[in-house]
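# Fold and geometry: a report
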Amino acid sequence: MKNRDRKIGCVVTGAAGFVGSHLAERLLSENYRVIGVDNFFSGRKENLTALWKHPDFSFHERSVTEAGLLGDLKAQYPDLECCFHLAAIVSVPYSVDHPETTMEVNCQAAVNLLGEADHLGFGAFVFAGSSAEYGGEQRLPLKEEYATEHTRHLSAYGRSKYLASREVAERRCGVALRCFNIYGPRQDPTSPYSGVISRFVALALQQQPLTIFGDGLQTRDFIYVSDVVEAYLRAASLCGKATGGGKNPYNIGMGKSTTILELAETINGLVENHAGLAICPERPGDIRFSEASVDAFHKVAGWEPRVSLLEGLRKTIAWARASQEASSQP
Ligand code: UD2
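## Describing the site of the ligand
The full set close to the ligand counts 20 residues, and Val196, Thr211, Arg220, Arg283 and Asp286 are the nearest of them. Contacts to the ligand include Arg283, whose side-chain N or O atom sits 2.6 Å from an oxygen atom. Within the complex, 88% of the 730 Å² of free accessible area of the ligand lies under protein. At the level of secondary structure, the elements contributing two or more residues to the shell around the ligand comprise α7 (196-205) and β8 (210-213). Classifying every residue of the shell around the ligand by side-chain character gives 10 nonpolar, 6 polar and 4 charged.

In structure tokens:
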């Protein structure tokens, strides 16, 4: 996806979300036109603050379940050639309670958009898959080929992402990225199901104990948002090339795991929170260990994570401090 000789337009669905807003900002900084789409089901208007004033940014409050969405946008923006499809139902517990809606939004809408993108001759369709596609898989590190038709998915979220990723990977213009635990500025800490890092940072800044669900020895593979954004751009460049196939979908993670206890202690240390830890009951349905194998995407796209967990935590804490201070200003 080269943008040197003329402007290329990109749709970012989920543009008001945590990752979508970072991706939109990066694309604008690389001189792309960005058409943001979001229905604010979980996206937030505040995430668009830096985007509104950019002359190459347009926004449409629409749902990805609307038929003909990409065709309508292409009619308005003829330079559209690429779609980053990030909009989804992102809460795993919500997906358990609403399996049909989850399938419709996360899978059926993705497949429809993909078909439209293909029909319109888009050069790239990059899809936000998830580590949840591996379900209860125990072999570590998790390799792309471990997710199969026979995988026991633990939620409608995991199943819907798996089915959609598989469709995307089979299409000429498609690449699916299975992102592990993404963190960074703008991740919303306020819901009980928010990412653990956003919650821990918010609690630590309030000098409150960090809530450990279970024994804290469960592990996750945490990846900083700017590394994920870089992966999206590289994935778009791969689309349509012979190498876009291969092991597509691709894992996006650090390739390292961290226990939740270690994470909590590091955050408490960085914030100088002396309130310690609060041990709480284990969360039902939690997976125990997670770690990505990241060789495949490195091989085809030369991508590798650049932001260490420590550096990423420092940046996230600095952002959370600044936004806390800004919101306490009269
Ligand atoms: C992640 C994704 C989810 C889905 C899932 C697939 C995020 C935010 N969520 O869920 O969308 O893709 O992977 O497996 O990336 N924890 C605590 N204390 C807290 C909060 C969490 O101990 O206050 C633990 C929690 O029990 C879990 C770990 O931290 O073991 C990570 O929790 P999470 O909600 O950040 O992410 P995860 O991996 O469950």
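## Section: the packing of helix α3 (residues 69-76) against helix α5 (residues 99-119)
Running from N to C, α3 and α5 point in directions that differ by 40°, and their axes come no closer than 8 Å. Regarding the angle of α3 to α5, the classification is oblique. Contacts between α3 and α5 pair Leu69, Leu70 and Gly71 from the former with Leu113, Glu116 and Ala117 from the latter. Taken together, the residues of the contact of α3 with α5 break down into 4 nonpolar, 1 polar and 1 charged.

## What about the environment of Ile197?
In this fold, Ile197 is placed in helix α7. For Ile197, a relative accessible area of 2% corresponds to the buried category. Distance from Ile197 to His98, taken between C-alpha atoms, is 26 Å for residues 99 residues apart in sequence. Excluding residues within four positions of it along the chain, Ile197 makes contact with Tyr183, Phe222, Leu263, Leu309, Leu313 and Thr316.

Definitions and cut-offs
Residues numbered from 1 in each chain as written. Predicted model: local features only at pLDDT ≥ 70, side-chain atom pairs only at ≥ 80, totals over all residues. Heavy atoms only, no water. Near = heavy atom within 4 Å. Polar contact = N/O pair within 3.5 Å; in protein donor to acceptor, adjacent residues only side chain to side chain. Areas by Shrake-Rupley, 256 points an atom, 1.4 Å probe, with all protein chains shown as cover. Helix = DSSP H or I, 4+ residues; strand = E, 2+ residues; numbered from the N terminus. Nonpolar A, V, L, I, M, F, W, Y, C, P; charged D, E, K, R; others polar. Axes fitted to C-alpha atoms, helices over the stretch in contact; angles between N-to-C directions. Parallel < 35°, antiparallel > 145°, perpendicular 65-115°, else oblique. Contact = heavy atoms within 4.5 Å. Buried < 20%, exposed > 50% of the residue type's maximum accessible area, 1.4 Å probe, protein only.

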